Amino acid sequence: MPTQNKVQPIRDQVLVKLFPPEGVSVGGILVPDSYAEENNKAWVVAVGNGVSKKPMRFSPGMVVFRVKNWGTPIEIDGVIHYLMEDTALLATEN
């Protein structure tokens, strides 16, 4: 899980770090890294303050599912993170 962040989102923006892609397909076949599909499961690293009359529903450390291929990629310490609106997050994992 991410611990520190150098980027602080504003308003209703959320910064997430994706879980690593799965190395085995549903059928049990090993998938090479070059063919691995981008994961939609992510950790919330940082959140903005929200907007008036709409408080932020997410907090750092939460595990969420996002819309695939959504968000602006940002490299932090050599790791790609994604900055996106909170509405691009679809669900949380309990």
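Below: a short report on this structure. (Residues numbered from 1 in each chain as written. Predicted model: local features only at pLDDT ≥ 70, side-chain atom pairs only at ≥ 80, totals over all residues. Heavy atoms only, no water.)

### Brief notes about the side chain of His 81
So, point 1. Summarising the element assignment, His 81 is placed in strand 5 (residues 79–85).
So, point 2. Judged by relative accessible area, His 81 falls into the buried class, the value being 7%.
So, point 3. From its side chain, His 81 meets the backbone oxygen of Val 79 in a polar contact 3.0 Å long.
So, point 4. Sequence-distant contacts of His 81, defined by excluding residues within four places in its chain, comprise Leu 15, Val 16, Lys 17, Val 45, Thr 72, Pro 73, Ile 74 and Ile 76. (Helix = DSSP H or I, 4+ residues; strand = E, 2+ residues; numbered from the N terminus. Buried < 20%, exposed > 50% of the residue type's maximum accessible area, 1.4 Å probe, protein only. Polar contact = N/O pair within 3.5 Å; in protein donor to acceptor, adjacent residues only side chain to side chain. Contact = heavy atoms within 4.5 Å.)

### Remarks on the pairing of strand 1 (residues 13–18)
Put simply, side chains in a regular strand alternate between the two faces of the sheet.
So, point 1. The buried fraction of strand 1 amounts to 5 of the 6 residues, a majority that puts the element mostly inside the structure.
So, point 2. With 5 bridges connecting them, strand 1 and strand 2 (residues 41–47) associate as antiparallel partners. In the strand pairing of strand 2, Val 14 is matched with Val 47. (Pairing = 2+ DSSP bridges.)

### So, the pattern of salt bridges
So, point 1. Here the structure, examined in full by the defined rule, presents 4 salt bridges.
So, point 2. When the shortest N-O distance is used, the salt bridge between Glu 93 and Lys 41 registers 3.1 Å. Of the two residues, Glu 93 sits in the segment after strand 6 (89–92) while Lys 41 sits in strand 2, which places them 52 residues apart along the sequence.
So, point 3. The salt bridge partner of Asp 86 is Arg 57, with a shortest N-O separation of 3.7 Å. Placement of Asp 86 in the loop between strand 5 and strand 6 and of Arg 57 in the loop between strand 2 and strand 3 (63–66) is noted, with a sequence separation of 29 residues between them.
So, point 4. A network of salt bridges, in which partner residues are shared, links Lys 54, Arg 57 and Asp 86. (Salt bridge = Lys/Arg side-chain N within 4 Å of Asp/Glu carboxyl O.)

### A short note on unusual backbone geometry
So, point 1. Positioned with a positive phi, Arg 11 is a non-glycine residue whose angle comes to about 50°.
So, point 2. With respect to the helices and strands, Arg 11 occurs in the segment before strand 1.
So, point 3. At Lys 53, a residue that is not glycine, the phi angle is positive and equals roughly 65°.
So, point 4. With respect to the element layout, Lys 53 can be found in the loop between strand 2 and strand 3.
So, point 5. Given a relative accessible area of 88%, Lys 53 falls into the exposed group.

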